[in-house]
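Residue-level structure breakdown
So the chains spell out like this:
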Amino acid sequence: MTRIKILLADDDFEDRYIIADAFTEIGYNDAVHMVTNGEEVFAYLQAINDPADLPSLIVLDLNMPRMTGTEILANLKSNDLYRSIRVIIFSTSVNEKEKKQCMALGALAYITKPVKYQDSLVIARQFQEYSAMEKDNGLSLSSDV
Amino acid sequence: MQELTRIALENDMDLILAYKQGMKLAEIAGLSVSKQTSFATAVSEVCRDIVLEPNDGLLRLGISIKKDKAKMLHAIVSFSRAKRNEGSQYAKRLIDNLTIAEVGNKTEIGLCVNLPDSPAVTDKIIEKWNILLNHDPSVTPYEEIKRKNKELLLLAEKLRASELQYKTLTDSLPLMIFTLDTEGNVTYANKWMQDYVGGPIDELNAARWGNVVREEDLAAAWTEWQHGYETGSPRKTERRLLDKKTGAYKWHAGATIPVTNEKGKIESFNAFLADIDAQKKVEQALKDNKELKEAQDELEKKINELNQSNQELEQFAYVASHDLQEPLRKISFYSDYIKSKYLQHLPTEGQMFLNNIAVASARMKQLIHDVLTFSTISSNKGFSTIDLNNVVQEAIQDNEITIKDKGAQINYTTLPKIQGIQVHLKQLFENLLSNALKFTDPATDPIIDIEGEVAGEMLTVKFSDNGIGFDDRYMDKMFSLFQRLHTRDKYEGTGIGLGICKKIVTLHNGEISAVSSPGNGSTFIVRLPVTQTIN
């Protein structure tokens, strides 16, 4: 079984389907685990015993019921166990205020959801690249992806 | 001396009276008959000297008391003039003790007789003696008349004193005290009232108070008075009255109380009016203060409502940026997905419809974007100093692709720095430039001039183009939301762009207008203050 590299949280079934389709297209779907809300994010992470098995990238939708992407991000970054996991915000539109807030909380990037089929493939490949990077790579990635 | 009785000495009859009263007092005091006669004769002889000419002579009879015992009888005769003193000479022979003294401008002759028995006297005994001397049945009609006359004089004196006291009292009070007859005429007014109305009471009555009461109050005042008269009940009133000294109307409060006769019929009214102007002014000030407070509360409520509505607008902006775009993005994505993967499986018509979906989605996206832009124009961001040259360059950069595509030439002069909101001014210049680039004549190379000029406190920026122009009677419509002058198949647009421009200019306390005619290009004129007073 392939090790899970990416944990993606989105309450929207269609968006999960679209990005899953893109991951399949680039042959990386096995490395991706999807959940639908913040509680499931933490349930998934807490079930992992060996820190080496933690995902290297967490992708968060912003508008989710009960716990927003921003709140999940803040919780992750304030937890010693999960602080080093890279987080990308994956949202419908760019809201400058939200974007600033997420970057300040320690998000690696703020990526807008695809409007075109080709965009979805590009984004899936970006996620793949981020997840494959060395964990302790302190490089700050450009947020303008 | 304790006076027991007195007699005014006017004529011979009074001499008889003086003799008689002298006798009676001596008798009561317990003197022997011979001594009684000597005393009474001496008294009447002294008095005889006085009554011979018109005089103000007065005889007083009394006793002196020591340790509750009567020690002496006294008769004192006072007068201004006396023609002779034969009576006194004679009296000296009858009585041991006769003194003559000058008191003020009068002469007083005193006659004294010792009372060897020294009878005990108490208040009760003095009262009894008084009655014996003053109220003993009159013996002669003269005596009776004289007595009655004396009583009457005393009463009149008392009445005068009481009247004087009343007048002094009413005149000294700082309020109007007056009486009215049943016709409403003032029959008495105290000094305060006379001074206040500043004229004789006759004048007040002749004018029926019209010279003191405000014209608009006068009819109501008399109606009220009439009502009070008819019901016969005391009436309270508040009225503005003219102060003759200052010429100002002062608030007075008062009451009118009917005075009835024994049959219950109203004969007159007692009334007063007191100055309550200061109190009224305080009341009014308090009321004004209350009204001011209410207005302030109302204003605060309105501000809260406005803030509420602003918050709702911001919420709408958020909804527009997320929830409205969400399904739209899916429509775009799916149509693009189909186009990318299955285009070859679709018939020509299907391909065309798929393309239409994409175009409609793109337009919807633009529309949402523009509405969002419009709704987020607010002064919340605050004014700062902006270099408009940078703003123009950014606007040109943002329209670079179109400028290249259309081969447009953009000329601009140096612009000043003004106070404004960066993001909104950028939007304004971008919109006006893209507008000029949009409505171009396909047959002519587009030339766009941006010129700025400062006159006083106002900057005027003109955006002129050589495009298709428009009939400028549609100008007002053009700056309203969703108003378009052209069909969409010719010129793309949401009809919000100029509405956004207008809102931004208004927010900066400026004006926007346009001059154009079809085929002759257009000039959009923006006037903006160089400095903003409100931040």
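These figures come from a predicted structure and were not determined experimentally.

How each quantity is defined
Residues numbered from 1 in each chain as written. Chains lettered and ligands numbered in written order. Predicted model: local features only at pLDDT ≥ 70, side-chain atom pairs only at ≥ 80, totals over all residues. Helix = DSSP H or I, 4+ residues; strand = E, 2+ residues; numbered from the N terminus. Buried ≥ 20, exposed ≤ 12 C-beta atoms within 10 Å, placed from the backbone. Contact = placed C-beta atoms within 7 Å. Pairing = 2+ DSSP bridges. Axes fitted to C-alpha atoms, helices over the stretch in contact; angles between N-to-C directions. Nonpolar A, V, L, I, M, F, W, Y, C, P; charged D, E, K, R; others polar. Core = buried A, V, L, I, M, F, W, Y, C linked by C-beta atoms within 7 Å. Expected span 1.5 Å × (residues − 1). pLDDT = per-residue confidence, 0-100. Parallel < 35°, antiparallel > 145°, perpendicular 65-115°, else oblique.

**Points about the overall build of chain A**
- The secondary structure content of chain A amounts to five helices and five strands.
- The linear arrangement of helices and strands in chain A, starting from the amino end, is β-α-β-α-β-α-β-α-β-α.
- A total of 145 residues make up chain A; the buried ones form 34% of that total.
- The long-range fraction of contacts in chain A, counting pairs at least 24 apart against all pairs at least 6 apart in sequence, stands at 68%.

**Considering the overall build of chain B**
- Regarding its fold elements, chain B presents 16 helices and 17 strands.
- Taking the contacts inside chain B whose residues are at least 6 apart along the sequence as the reference set, 62% of them involve residues at least 24 apart.

**Focus on the sheet that holds strand S9 (residues 249–260) of chain B**
All names here are of chain B.
- Strand order in the open sheet formed by five strands is S7-S6-S10-S9-S8, and the pairing between neighbours is antiparallel. Both outer strands of the open sheet, strand S7 (186–189) and strand S8 (235–242), are each paired with one neighbouring strand and no more. On average, each strand axis in the sheet is tilted by 25 degrees relative to the strand beside it, whichever way the strands run.
- Relative to strand S10 (residues 266–275), S9 is paired through nine bridges, and the arrangement is antiparallel. When the sheet's bridge partners are listed, Gly 254 is paired in S10 with Leu 273.

**Focus on the interface of chain A and chain B**
- Residue-level contacts link 12 residues of chain A with 11 residues of chain B.
- Counting only elements with at least two residues in the side of chain A that touches chain B, the list comes to helix H1 (13–25) and helix H5 (117–132) of chain A.
- Residue composition of the side of chain A that touches chain B, grouped by class: four nonpolar, five polar and three charged.

**Structural notes on the pairing of S10 of chain B**
Residue and element names in this part refer to chain B.
- Summarising the sheet, strand S6 (residues 176–181) and S10 pair through six bridges and their orientation is antiparallel. The partner of Asp 181 across the bridge, within S10, is Ser 268.
- Linkage of S9 to S10, two consecutive antiparallel strands, is achieved through a turn of five residues, within which Gly 264 is found at a positive phi near 85 degrees.

**Quick notes on the nonpolar core**
- Counting 36 residues, the largest nonpolar core has Val 59, Leu 60, Val 87, Ile 88, Ile 89 and Ala 107 of chain A as its most contacted members.
- Residues within four places of Ala 107 of chain A in sequence aside, it is in contact with Leu 73, Val 87, Ile 88, Ile 89 and Cys 102 of chain A.

**A word on the sheet that holds strand S4 (residues 86–91) of chain A**
Residues and elements named next belong to chain A.
- Spatially, S2-S1-S3-S4-S5 is the arrangement adopted by the five strands of the open sheet, whose pairing is parallel. The open sheet terminates on both sides in strands that have one partner only, identified here as strand S2 (32–35) and strand S5 (109–112). Averaged over all neighbouring strand pairs, the angle between strand axes comes to 20 degrees, with direction disregarded.
- Sheet topology places strand S1 (residues 6–9) next to S2; four bridges connect them, and they run parallel. Across the sheet, the residue bridging to Ile 6 is Val 32, located in S2.

**Describing helix H5 (residues 141–172) of chain B**
- The terminal C-alpha atoms of H5 of chain B, which comprises 32 residues, lie 46 Å apart, in line with the 46 Å expected from a rise of 1.5 Å per residue.
- Judged by how many residues are buried, H5 of chain B sits mostly at the surface: zero of 32 residues are covered.

**Some points on unusual backbone geometry**
- With a phi angle near 65 degrees, Arg 66 of chain A is a residue other than glycine that sits in the positive phi range.
- For Arg 66 of chain A, the position within the fold is in the loop between strand S3 (57–60) and helix H3 (69–77).
- The phi torsion at Asp 68 of chain B lies on the positive side, around 60 degrees, for a residue other than glycine.

**Looking at the confidence of the model for chain B**
- Here chain B averages 86 in pLDDT, while 96% of its residues score no lower than 70.
- Here the predicted complex carries an ipTM of 0.82, next to a pTM of 0.48.

**Comments concerning the environment of Gln 409 of chain B**
Residue and element names in this part refer to chain B.
- Positionally, Gln 409 belongs in strand S12 (residues 409–412).
- Its 12 C-beta neighbours within 10 Å are what place Gln 409 among the exposed residues.
- Each C-alpha atom, one on Gln 409 and one on Asp 465, is 10.0 Å from the other, the two residues being 56 residues apart in sequence.
- Dropping the residues within four chain positions of it, Gln 409 is found in contact with Asp 445 and Ile 447.

**Description of the packing of H1 of chain A against H5 of chain A**
All names here are of chain A.
- Between H1 and H5, the shortest axis-to-axis distance is 9 Å and the interhelical angle comes to 70 degrees. It follows from the interaxial angle that H1 and H5 lie roughly perpendicular. Where H1 approaches H5, its residues Ile 18, Ile 19, Ala 22, Phe 23 and Glu 25 are matched on the opposing element by Ser 120, Leu 121, Ile 123 and Ala 124.
- Classifying every residue of the contact of H1 with H5 gives seven nonpolar, one polar and one charged.

**Description of the environment of Ile 95 of chain B**
Residue and element names in this part refer to chain B.
- By secondary structure assignment, the location of Ile 95 is in the loop between helix H3 (86–94) and strand S4 (97–103).
- C-alpha of Ile 95 to C-alpha of Lys 35: the two residues are 60 residues apart in sequence and 9.1 Å apart in space.
- Apart from residues lying up to four places away in sequence, Ile 95 is in contact with Ser 38, Phe 39, Ala 42, Leu 111 and Val 113.

**Things to note about the environment of Arg 473 of chain B**
- Among the secondary structure elements, Arg 473 of chain B is positioned in the loop between strand S15 (458–465) and helix H15 (475–478).
- Along the primary structure Arg 473 of chain B and Ser 517 of chain B are separated by 44 residues, whereas in three dimensions their C-alpha atoms are 9.2 Å apart.

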